[in-house]
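Commentary on secondary and tertiary structure
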Amino acid sequence: MDKASKIYIAGHKGMVGSAIHRKLLKEGFSNIITRNSADLDLRDQQEVAAFFASEKPDYVFLAAAKVGGIVANNTYRADFLYENLQIQNNVIHNSYLNGVKKLMFLGSSCIYPKLAPQPLKEEYLLTGLLEPTNEPYAIAKIAGIKMCDAYRDQYGCNFISVMPTNLYGYNDNYHPQNSHVLPALIRRFDEAKNQQLPEVVIWGTGSPKREFLFADDLAEACFYLMQNYDEQGLVNIGTGEDLSIKDLALLIKKIVGYEGNISFDTSKPDGTPRKLMDVTKLHSKGWKHKIELEEGIALAYKDYLTKNN
Ligand SMILES: NC(=O)c1ccc[n+]([C@@H]2O[C@H](COP(=O)([O-])OP(=O)(O)OC[C@H]3O[C@@H](n4cnc5c(N)ncnc54)[C@H](OP(=O)(O)O)[C@@H]3O)[C@@H](O)[C@H]2O)c1
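Residues numbered from 1 in each chain as written. Predicted model: local features only at pLDDT ≥ 70, side-chain atom pairs only at ≥ 80, totals over all residues. Heavy atoms only, no water.

**A word on the overall build of the chain**
Each helix and strand counted, the chain has 10 helices and 13 strands in total. The globule rule puts the C-alpha radius of gyration for 309 residues at 19 Å, and the 19 Å found for the chain is close to it. Taken over the C-alpha atoms alone, the chain extends approximately 60 × 40 × 40 Å along its principal axes. The 309 residues of the chain split such that 53% are buried. Within the chain, contacts between residues separated by at least 24 positions form 80% of all contacts whose residues are at least 6 apart in sequence. Split by element, the accessible area of the chain, about 13,800 Å² in all, is 50% carbon and sulfur. Positive and negative side-chain charges in the chain, numbering 35 and 37 respectively, have mean positions lying 1 Å apart. (Helix = DSSP H or I, 4+ residues; strand = E, 2+ residues; numbered from the N terminus. Rg over C-alpha atoms; globule rule 2.2 N^0.38 Å. Buried < 20%, exposed > 50% of the residue type's maximum accessible area, 1.4 Å probe, protein only. Contact = heavy atoms within 4.5 Å. Areas by Shrake-Rupley, 256 points an atom, 1.4 Å probe, with all protein chains shown as cover. Lys, Arg positive; Asp, Glu negative; His and termini not counted. Charge placed at Lys NZ, Arg CZ, Asp CG, Glu CD.)

In structure tokens:
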């Protein structure tokens, strides 16, 4: 990519897309194309075809998707499968038709089998059954990886796939039902602090371990890989470090300044005991994360406060 390259960020208003947008602007890229979903519905084949034919981007970051936590994934199973397939089919196929030089497809760690060994290596893709609650979403993401590879094989397209771990950061989704665990905990501790509640109840035992990456770090990785990685298959993006939900809750409690108690509702399910990315491949390509969890949560909480007060 050079500074004059025409770069389309699909999903530029989302947490990931907005972080990639900030990174490109910081690096001096000025020929960036964006569209709100109200102006360009990426599920619509004809709209997307017309957009690509008229704009002819050189590079594409595909960060538009229907995204949500476990409840949303499990409730809107048809929407998660249909909308994500539509979006990625339209963007990937039209990138091929219009000679896009390079495309980056963003997947997720849920593409790996539910019982895959930990940490999750790229080679574990399609070696076992998926977690049922987010299977439709994962199937769409796996189709996206395979689509990038098939267009590379058949048409020589330089389309790459990256699999970020759990993300958090600016512009995150704090919806009371549809958000991921980290933003959900930020919201709940902040509300408990403001309402002076004696206790915050956390689902499960608190023992499952999870990994989290600040979205601006992800954007750094995407920018780096867009210039230094041209392979088929996939590459994980994470920190390679995890912590228990209990330790995460204690950290968020401290950052938010909540003084009540934490308790665990062990009648609720725990989910997968551990979900950690193997980042050996990413490190071997020359990239490592910079923002540690405590610093990142403090930044995310500040952003949450500016938008919710
Ligand atoms: N968040 C995570 O923890 C996480 C973890 C791993 C991977 N990822 C991946 O990163 C990517 C981006 O996730 P995110 O967290 O940034 O999600 P997000 O904040 O919900 O943003 C999604 C973006 O996609 C756009 N979009 C959705 N449907 C669209 C449509 N039909 N037409 C046009 N635009 C549409 C949204 O636009 P509107 O808001 O205007 O609808 C929004 O800008 C996804 O591929 C996701 O799988 C995320």
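That shown, we press on.
**What about the packing of helix H2 (residues 45–55) against helix H4 (residues 77–97)?**
At a closest axis distance of 9 Å, the pairing of H2 and H4 adopts a crossing angle of 35°. Here H2 and H4 pass one another in a crossing that is right-handed. Residue-level contacts link Gln45, Val48, Ala49 and Phe52 of H2 to Asn90, Val91, Asn94 and Ser95 of H4. Class assignment for the residues of the contact of H2 with H4 results in four nonpolar, four polar and no charged. (Axes fitted to C-alpha atoms, helices over the stretch in contact; angles between N-to-C directions. Left-handed = near helix turned anticlockwise from the far one by under 90°. Nonpolar A, V, L, I, M, F, W, Y, C, P; charged D, E, K, R; others polar.)

**Some remarks on the site of the ligand**
Near the ligand, the surroundings consist of 25 residues, among which Met15, Val16, Ser37, Tyr137 and Lys141 are the closest. In the environment of the ligand, an oxygen atom lies 3.3 Å from a nitrogen or oxygen atom belonging to the backbone of Ala65. One of the backbone N or O atoms of Leu167 is found 2.9 Å from an oxygen atom in the ligand. Notes on the ligand: free accessible area 900 Å², of which the protein chains cover 81%. (Near = heavy atom within 4 Å. Polar contact = N/O pair within 3.5 Å; in protein donor to acceptor, adjacent residues only side chain to side chain.)

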